[in-house]
Amino acid sequence: MREIINFNTNWKFFKEWKDNMKNEKLDNGENITLPHTVAEIPLHYFDESDTWLVAGYQNSFKYEKSKLENKRVLINFEGAMAACEVFVNGQSFGEHKGGYLPFIHDITEVLKDGDNIISVKLDSTERKDIPPFGHEIDYLCYGGIYREVQIIIVDNVSIENVMLTGLSDQTLTGKIRIRNSKKESVKEKVSIDIYNREYHICKIEKEVTLQSGELFTDIEINEHIDSDRIELWTIDNPRLYKAEATLSNEDALSVRIGFRTAEFKEDGFFLNGEKIKLRGLNRHQSFPYVGYAMPERIQKKDADILKFDLGLNVVRSSHYPASRHFLDRCDEIGLMVFEEIPGWQHIGDKAWQKVSVENVKDMIERDFHHASIIIWGVRINESQDNHDFYTETNEVAHKLDKTRQTGGVRYIVGSELLEDVYTMNDFNLDGVADPIRAQKCVTRLDKNVPYMITEYNGHMFPTKMHDCEERTIEHTRRHYAVINAVAIDKHLAGSTGWCTFDYHTHYNFGSGDRICYHGVYDMFRNPKLAASVYSSQMSKKNGIVLEPITLYARGERSIGGVSPLMISTNCDYIEIYHNNDLITKEYPATGKYQGLKHPPVIVNLAVNIPGVSEMDWVDIRIVGYIDGKPAIEKTYLSNPTFKALEVKADDTEINSINDGSTWDCTRITVKAVDAVGNRLPYINEAIIIDVQGDGELIGNDNPVLEGGYYSFWVKSNDKKGSIKVTVKNKRVADQTLEIKVK
Ligand code: GAL
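Below is a short write-up of the structure.

1. Brief notes about the overall build of the protein
- From N to C terminus, the protein includes seven helices and 48 strands.
- Computed over its C-alpha atoms, the radius of gyration of the protein comes to 27 Å, within 12% of the 27 Å expected for a compact globule of 742 residues.
- Taken along the three principal axes of its C-alpha coordinates, the protein extends 90 × 60 × 50 Å.
- The burial tally for the protein puts 61% of its 742 residues in the buried class.
- In the structure as shown, the protein presents an accessible area of about 28500 Å², 46% of it carried by carbon and sulfur atoms.
- Here the protein carries 89 positive and 112 negative side-chain charges, and the mean point of each set is 1 Å from the other.

And the structure:
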């Protein structure tokens, strides 16, 4: 039986690495718990070099030799940015290059009875020898041990990896990797059990000889499972099963799998043989202040936003492998994933390419079992063609995974197709040109191939939460234009737009303040109006959407008024009222947006200003109807004033740090509203955030609202109890809420 020790607490952090840290326990470090960022940064206008450190971490591990006779002690780092050298009692385990994928060291041989010093030298200086670095990149990678660490105690023979997945014909396929730390060869029996929750579905047994001198042996699995208990993994019913591999010594390791077949063909994308248009967005995993260092709950929340708030069926994990928690959640909720290796436009020398090929391997080995992953991105995003390099990345991917196709994201036309799917960033839409380019113009091939658009919009029209109405409308219009064109093109598998959330970047990208305002959400995960393009395509049963694309002010737009007024909605039609007088009744613009299930309603008022005469500016009420009945309504005041701060937490309860676990946190959103709860988009009042009790605030306690919003995260410490949060602004009443910490 294995023992897994969460090793996220009791770390000491040192901003500057010193060589004596390798084997000398120092007390002057900062006490930290993972996930950790080497430098908390301001929201914007920081210097990215603030995150470039050669830092140190120390921890200790108590070893009892007599108890652990014949056991191996492994240490697993799930993600440390960017180069990481681990020392145990001064002994180096070599440097691991790359911040997005896990690495394991067997530290048994250097352990001694009693306390052992574990030191980590962590280099986050954007070194040229590590992808994605070497040239300019449009995202910030921060630094730190920002994912979990475990110590895993196993027998001399143990399971290293369960790389299994299911196909829609009920085939279970992949391999089990076994570690044999004994010096001699060993005969072993591996059992693989598939469970549907607690119900045992089947057992597969394999005999294997582990050769002496070979640390790892792979056992290929390819079995048809004859059971009527298996339901396919689909986006609406993402059924998951436990696949557990067990050895004769009872060492066991399990993963969750789904049975499904994903296929890109010349005429689109098919899940289990059913054609589905992929509609999604790209996601960067960056957050204000702490960068990448956010725990499980927050990773999962992002997946929920994509699936449930935006109604998307796919996400591109740009431009690197995501946290396992994010992917686990995608499996659970039926959100398909395009996962790719770290990189951005630049291809380094041969040694750099070698690390990148390792990334392909490590990504697939870590994530093979995720039902949600439908394609591997095996090119450096938007790099030039490189025949040898990409032949190799494709070969590695195909050898490791016969069930999934490869893509490789490019922006050059006529690029050599070494992958199974031509995946293209199409930034054709500049406000005038067609929303997307014809496939053959891009591929320069004379036939259709499996084809997907992996980015659009983004830098073509950056839009901030507090931008003016006209910009917001154009931002929204552009997202509509592309998803409509994508929906109409029968050969196109689908698209992932740029992007879900605004993200941190380097000085030479974005708006100069180190943020790319390319999201349909801001960095705090609050929706801009363009988010409604996606959410309004949801089926009504998943939520009724009515989002007028307006800030509703008489003189905000050039010329003034609010006509034409675009309304994102999945209602059948809308009506606009002043008091109880009907101003107009309008239907979705099905002619203009023939590809969309729910085109926006476009209202052209007879007089630009909704009122009794052209000089009136009045309150209005917009009502959305479904099946002839009012289903949702939204009121706008002609005379809005600052009435309140609305303060809401994503969770009422979070976990304390417990038994080596990470810290936990939740987001709290503050919205400045008028008397009917509408956001005040131009308010730039400061607020004061006071956090008391068993937790602490991440970031600024005296920020300014942006676009009417501010969000912040409060994190737990090792105490159980509660966190009391008060948000103040002297113009309105204080708001207080409490988060339980269990
Ligand atoms: C693409 C790139 C993305 C991001 C985007 C901005 O070219 O792949 O990482 O920079 O542009 O629109």
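After that view of the structure, there is still more to cover.
2. Thoughts on unusual backbone geometry
- In the segment running from M81 into A82, the intervening peptide bond is cis, with an omega of 5 degrees.
- Of note, A82 is situated in the loop between β6 (80-81) and β7 (83-88).
- The peptide bond linking S318 to H319 adopts the cis configuration, its omega dihedral lying at -15 degrees.
- Tracing the chain through its elements places H319 in the loop between β24 (314-317) and α2 (324-333).
- Unlike most non-glycine residues, N70 shows phi in positive territory, near 65 degrees.
- With respect to the element layout, N70 can be found in the loop between β4 (54-63) and β5 (71-77).
- Here N70 falls in the exposed class, since its relative accessible area comes to 56%.
- You will see that R197, though not glycine, has its phi angle at about 50 degrees, which is positive.

3. Focus: the pattern of salt bridges
- Scanning the model with the defined rule gives 54 salt bridges in all.
- Between K634 and E547 there is a salt bridge, and its shortest N-O distance comes to 3.6 Å. Within this pair, whereas K634 is found in strand β40 (residues 629-636), its partner E547 is found in strand β34 (residues 546-548), the two being separated by 87 residues in sequence.
- Within this structure, K175, R177, D218, E358, K361, D362 and E365 form a network of salt bridges that share partners.

4. Re the packing of aromatic side chains
- Overall, the coordinates contain 27 aromatic pairs when judged by the stated rule.
- Between the aromatic rings of F13 and Y57, the centroid separation amounts to 5.0 Å while the plane-to-plane angle is 50 degrees, which identifies the pairing as tilted. With F13 in strand β2 (residues 11-14) and Y57 in strand β4, this pair connects stretches of sequence that are 44 residues apart.
- Here F13 falls in the buried class, since its relative accessible area comes to 3%.
- You can call Y57 buried: its relative accessible area is 0%.
- An angle of 85 degrees between the planes, with centres 5.7 Å apart, marks the rings of F501 and Y521 as edge-to-face. Here F501 is found in the loop between β31 (492-497) and β32 (503-504), whereas its partner Y521 is found in the loop between β33 (515-516) and α7 (531-535), with 20 residues between them in sequence.
- Assessed through its relative accessible area of 1%, F501 is described here as buried.

5. Structural notes on the nonpolar core
- Counting 63 residues, the largest nonpolar core has L306, L310, F326, I364, V520 and Y534 as its most contacted members.
- Sorting elements by how many residues they give to this core places helix α6 (residues 469-488) first, with seven residues.
- F133, V691, W713 and L737 belong to the second-largest nonpolar core, a separate cluster that totals 62 residues.

6. A short note on the packing of helix α1 (residues 296-309) against α2
- Put simply, α1 and α2 touch, their axes get as near as 8 Å, and they point 40 degrees apart. As judged from the angle between their axes, α1 and α2 are oblique. You can see that α1 and α2 cross each other, and the crossing is right-handed. Side by side, α1 and α2 meet where E296, Q299, K300, D302, A303, D304, L306, K307 and F308 of the first sit next to H325, F326, R329, C330, E332 and I333 of the second.
- A per-class count over the contact of α1 with α2 returns six nonpolar, two polar and seven charged.

7. Describing the pairing of strand β13 (residues 157-166)
- Counted residue by residue, β13 has 10 buried out of 10 residues, so it is predominantly covered.
- The pairing of β13 with strand β14 (residues 171-180) spans nine bridges and is antiparallel. Paired with G166 across the two strands is L172, which belongs to β14.
- Here β13 folds back onto β14 in antiparallel fashion, the turn holding four residues, of which Q170 has a positive phi close to 70 degrees.

8. Focus: the environment of N222
- Within the secondary structure, N222 is located in strand β17 (residues 216-224).
- For N222, a relative accessible area of 57% gives the class exposed.
- Between the C-alpha atom of N222 and that of S372, which follows or precedes it by 150 residues, the distance is 20 Å.
- The contact partners of N222, leaving out residues within four places of it in the chain, are T171, L172 and T173.

9. Some points on the site of the ligand
- Around the ligand, 13 residues are found, and the nearest of them are D138, H319, W344, E382 and H459.
- Between the ligand and the protein, one listed contact pairs an oxygen atom with a side-chain N or O atom of D138 at 2.4 Å.
- Contacts to the ligand include W344, whose side-chain N or O atom sits 2.7 Å from an oxygen atom.
- Expressed as a share of its isolated accessible area of 310 Å², the protein-covered part of the ligand is 95%.
- By residue class, the composition of the shell around the ligand is four nonpolar, six polar and three charged.

10. Focus: the environment of L247
- Looking at where L247 falls in the secondary structure, it is placed in the loop between β18 (241-246) and β19 (252-257).
- The class for L247 is buried, based on a relative accessible area of 4%.
- Setting aside chain neighbours within four positions, we find L247 in contact with V157, S158, I159, I178, E188, K189 and V190.

11. A look at the sheet that holds strand β37 (residues 581-586)
- A sheet is described by the order of its strands in space; here four strands give the open sequence β37-β36-β39-β40, paired in antiparallel fashion. Of all strands in the sheet, those bounded by a partner on one side alone are β37 and β40. Along the sheet, successive strands turn relative to each other by an average axial angle of 25 degrees, direction set aside.
- Taken together, the five bridges between strand β36 (residues 573-578) and strand β39 (residues 620-626) define a ladder with antiparallel strand orientation. Considered in β39, the bridge of E575 is made with V623.

12. Describing the sheet that holds β13
- Pairing in this open sheet of three strands is antiparallel, and the strands run β13-β14-β17 from one edge to the other. Of all the strands in the sheet, just β13 and β17 have a single pairing partner and so form its edges. Shown here is a sheet whose adjacent strand axes are inclined to one another by a mean of 15 degrees, direction ignored.

13. Observations regarding α1
- Look at α1: 19 Å from first C-alpha to last across 14 residues, which is about the 20 Å you get at 1.5 Å a residue.
- Among all positions of α1, only I298, Q299, K300, D302, A303, D304, I305, L306 and K307 are buried.
- Buried residues belonging to α1 abut β23 (278-283), β24, α2, β43 (665-673) and β46 (709-716).
- Positioned one or two residues after α1, G311 has a phi angle of 65 degrees, which is positive.

Parameters at a glance
Residues numbered from 1 in each chain as written. Predicted model: local features only at pLDDT ≥ 70, side-chain atom pairs only at ≥ 80, totals over all residues. Heavy atoms only, no water. Helix = DSSP H or I, 4+ residues; strand = E, 2+ residues; numbered from the N terminus. Rg over C-alpha atoms; globule rule 2.2 N^0.38 Å. Buried < 20%, exposed > 50% of the residue type's maximum accessible area, 1.4 Å probe, protein only. Areas by Shrake-Rupley, 256 points an atom, 1.4 Å probe, with all protein chains shown as cover. Lys, Arg positive; Asp, Glu negative; His and termini not counted. Charge placed at Lys NZ, Arg CZ, Asp CG, Glu CD. Salt bridge = Lys/Arg side-chain N within 4 Å of Asp/Glu carboxyl O. Phe/Tyr/Trp six-rings, centres within 6.5 Å; stacked < 30°, edge-to-face > 60°. Core = buried A, V, L, I, M, F, W, Y, C linked by side-chain atoms within 4.5 Å. Axes fitted to C-alpha atoms, helices over the stretch in contact; angles between N-to-C directions. Parallel < 35°, antiparallel > 145°, perpendicular 65-115°, else oblique. Left-handed = near helix turned anticlockwise from the far one by under 90°. Contact = heavy atoms within 4.5 Å. Nonpolar A, V, L, I, M, F, W, Y, C, P; charged D, E, K, R; others polar. Pairing = 2+ DSSP bridges. Near = heavy atom within 4 Å. Polar contact = N/O pair within 3.5 Å; in protein donor to acceptor, adjacent residues only side chain to side chain. Expected span 1.5 Å × (residues − 1).

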